[in-house]
Structure formats: structure tokens, C-alpha cells
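Take a look at the letters that make up each chain.
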Amino acid sequence: MKLSARLISIIQFIPRGSTVADIGTDHALLPVYLVEEGIAQRIVAGDLNMGPLQAARKKVIETGLNERITLRQGNGLEILEPGEAEVCVIAGLGGPTIRQVIKDAGPKAMQIKRFILQPMGGSGQLREWLTDNGWRIADEDLVSEDDHIYEVILAVPGQESTSDRTLNSIGPRLFEKRHPLLSEVLTREINHNRKILDDMRQSSVVDTAVKCQTLQERNKNLEWIVECLSSAKR
Ligand SMILES: C[S@@+](CC[C@H](N)C(=O)[O-])C[C@H]1O[C@@H](n2cnc3c(N)ncnc32)[C@H](O)[C@@H]1O
């Protein structure tokens, strides 16, 4: 089976032989690939919704992997028995939903040795929440597919070493490794923020002043990082 570049980028962070949970599995593409390629022995895959879970069930039966892939319907990590998985993938969900799923899991989340997270937006706030709540960003990747750049975060229990909030939000490991797609991600955010700032300047609402200042500061910091990245290339 051929997987998208986005899902392949997630797999690089799964150690061979791990027990894996896939939360929000949808069509169970990732679990099927992991078992077929001998990367995972056993997988528990869950989805909140009945439709995606039925699609997953169809795929698992078709591939004859029902002994190795257990499917359960439920919200986030509630589908897991204590200690059932050491690696947990949460991919293709919004950053705020991923944060909520980990938060709701409480102590069960701390039994996971590695979370591999691929948020669709809101990655900055997700990283900030992780590093404020006992998780360290161990590694990260960016992958470009269909004009979209996807972010993949490997979070493990521990204390993040970077204290700079902007670097923490953009991806401390991405910055350290001078990831070749990082400038592009930051430039897209800077341009997006500029558009919001233009709209705000035309608005007469008083409380936009504080938001304006916060966004201006964020853009200044991002522009400085882009400059650092480009001078490192020279
Ligand atoms: C866009 S699909 C992503 C599928 C797959 N993980 C991937 O990356 O290709 C998102 C899936 O997450 C499920 N989902 C959303 N919120 C969830 C939650 N709180 N717990 C479990 N599954 C959830 C949705 O039903 C949907 O099937």
C-alpha cells in the first residue's frame, strides 16, 4: 500500500516493534501500513465517529489484519486500557482538538512514551501547551504536499530546553535543524498576519488595539527568525 508523504513523515518517529494507538484513525490507512510493513506488532485504533470507524473496519477486514488491529469507537484516549500503547499518533485533527484530547486523558497520557502529533492548524498553541504541561518536543518535521505544508511533532515526557516562546511555538527542533521548509511556513504566517492587521486597522473596535500590538510583535519576531534562517544559508 502506498501512503501519502504526510503519513510517511509520521512513521519515521515510530520505533519498530512498538505498540501503537492511532486516535482519529478514519480509514485505518496508517495502522494497516504499520502492520503490513512489520513496523508495529499490534495497534489499537479509535475514532469518535461511527462512519469513519465503519470505513476502518472494512479496510481491516479486507486486508485480513483483524487479529493485529483492534478498532474501538470513542473519544480520544478513552478507548485505551492503561499501558496498552507506548506510542500514540493523533494526526489530521485540529491543534485545539489534539490539545483537548491529551488534556482529557489526564494521567493516562503520561503512560504514553511518545506522542506523534500532526495538527491541521493551531500548531503554535499546541506546542506552547505541550511544553507548559510536562512535554518536550523531541523532534519535528515538515512535509509539503498539494501546496500545503504539514507539521509533525514528536512529543515525549520531559522539560523543554528552549525557553524562548516564539521559538517554542514555531518549532524549536525545526529551527535548530534549519528545516528547509521552515522559512516558507513562517513567511506564510507573516503574510496572513499582515492581512489581519490591515483589516484591524480599518476597524473602529477599541479592543483591537491590544490584538494589533500582539500580532505586530509576533510578526517582528517571525521576521527576525526568517532573517536568521536566511543568513545561516549564506
Ligand atoms: C481528517 S481525519 C484524519 C484521519 C487520519 N488520522 C489521517 O491523518 O489521515 C480526522 C478523524 O478524527 C476523528 N476525530 C475527531 N475528533 C476525535 C476525537 N476527539 N477522538 C477520536 N477521533 C476523533 C474524526 O471522526 C475523523 O475520522
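Every value quoted in this text rests on a predicted model; they were computed, and no experiment measured them.

Conventions adopted
Residues numbered from 1 in each chain as written. Predicted model: local features only at pLDDT ≥ 70, side-chain atom pairs only at ≥ 80, totals over all residues. Heavy atoms only, no water. Domains from an automatic or database assignment. Contact = heavy atoms within 4.5 Å. Buried area = accessible area lost by both parts, 1.4 Å probe. Salt bridge = Lys/Arg side-chain N within 4 Å of Asp/Glu carboxyl O. Polar contact = N/O pair within 3.5 Å; in protein donor to acceptor, adjacent residues only side chain to side chain. Helix = DSSP H or I, 4+ residues; strand = E, 2+ residues; numbered from the N terminus. Phe/Tyr/Trp six-rings, centres within 6.5 Å; stacked < 30°, edge-to-face > 60°. Buried < 20%, exposed > 50% of the residue type's maximum accessible area, 1.4 Å probe, protein only. Lys NZ or Arg CZ within 6 Å of the ring centre and 35° of its normal. Core = buried A, V, L, I, M, F, W, Y, C linked by side-chain atoms within 4.5 Å. Near = heavy atom within 4 Å. Nonpolar A, V, L, I, M, F, W, Y, C, P; charged D, E, K, R; others polar. Lys, Arg positive; Asp, Glu negative; His and termini not counted.

## Digging into the domain arrangement of the chain
Considered domain by domain, the chain is made up of domain 1 (5–161) and domain 2 (182–233). One C-alpha centre belongs to domain 1, the other to domain 2, and the line joining them spans 31 Å. Contacts between the two partners involve 5 residues from domain 1, matched on the other side by 4 residues from domain 2. Counting each side, the surface lost to burial between domain 1 and domain 2 is near 360 Å², with a carbon and sulfur contribution of 62%. Of all residues in domain 1, L142, D147 and I149 bury the most surface against domain 2, accounting for 83% of the area lost on that side. Across the domain 1-domain 2 interface, the total number found is 1 salt bridge. For R188, the salt bridge is made with D147, and the minimal N-O distance between the two is 3.7 Å. The tally of links from domain 1 across to domain 2 stands at 1 residue pair in polar contact (both at pLDDT 80 or more). Here the element with the most residues in the side of domain 1 that touches domain 2 is strand β7 (residues 148–157); it accounts for 3 residues.

## Comments concerning the packing of aromatic side chains
Using the criterion set out here, one finds 1 aromatic pair in the structure. Taking 5.2 Å as the distance between ring centres and 75° as the angle between the ring planes, the aromatic pair formed by F115 and W135 counts as edge-to-face. Pair noted here: F115 is in strand β5 (residues 114–119) and W135 is in strand β6 (residues 135–145), with a separation of 20 residues, a long-range link. For the residue pair F115 and W135, the accessibility class agrees, reading buried in each case. Taking the ring centre of Y150 as reference, the NZ or CZ of R6 above it sits at 5.7 Å. Geometry around F175 places R178 over its ring, the cationic atom sitting 4.3 Å from the centre.

## A short note on the nonpolar core
In a soluble, globular protein the nonpolar side chains are often hidden away together inside. I14, V20, L34, I43, I69, V89 and I116 are the most contacted members of the largest nonpolar core, which totals 30 residues. Those elements that provide at least two residues to this core are α1 (5–11), α2 (29–36), β2 (40–47), α3 (50–63), β3 (69–73), β4 (87–93) and β7. Element by element, the count of residues in this core is highest for α2, at 5 residues. For V20, the residues in contact, after removing those within four places along its chain, are I14, L34, A40, R42, I43, V44, A85, V87 and V89. Grouped together as the second largest cluster of nonpolar side chains are 25 residues, W129, W135, I153 and A155 included.

## Notes on unusual backbone geometry
Positive phi outside glycine occurs at D147, with the angle close to 65°. The residue D147 is located in the loop between β6 and β7 in this model. Its identity is not glycine, yet R178 carries a phi of approximately 45°, on the positive side. Structurally, the position occupied by R178 is in the loop between α7 (172–176) and α8 (182–201). With a relative accessible area of 38%, R178 lands in the partly exposed category.

## As for the pattern of salt bridges
This structure, assessed with the given rule, holds 15 salt bridges. Salt-bridge contacts for E84 lead to R72; the nearest nitrogen and oxygen are separated by 2.9 Å. With E84 in the loop between β3 and β4 and R72 in strand β3, the pair connects residues that are 12 residues apart, well separated along the chain. A relative accessible area of 22% places R72 in the partly exposed class. Through salt bridges with shared partners, one network takes in R127, E140 and E151.

## Regarding the site of the ligand
Around the ligand sit 16 residues, and of these R6, G24, D47, N49 and N75 come closest. A distance of 2.6 Å separates an oxygen atom of the ligand from a polar side-chain atom of D47. Elements supplying a minimum of two residues to the shell around the ligand: α1 and β4. By residue class, the composition of the shell around the ligand is 7 nonpolar, 6 polar and 3 charged.

## Some words on the side chain of D47
With respect to the secondary-structure elements, D47 resides in strand β2. Although D47 lies buried, it forms no salt bridge, and the closest oppositely charged side chain, R57, sits 11 Å away as judged by the N-O distance. Once residues within four sequence positions are removed from consideration, D47 is found in contact with G24, T25, D26, P52, L53, R72, Q73 and G74.

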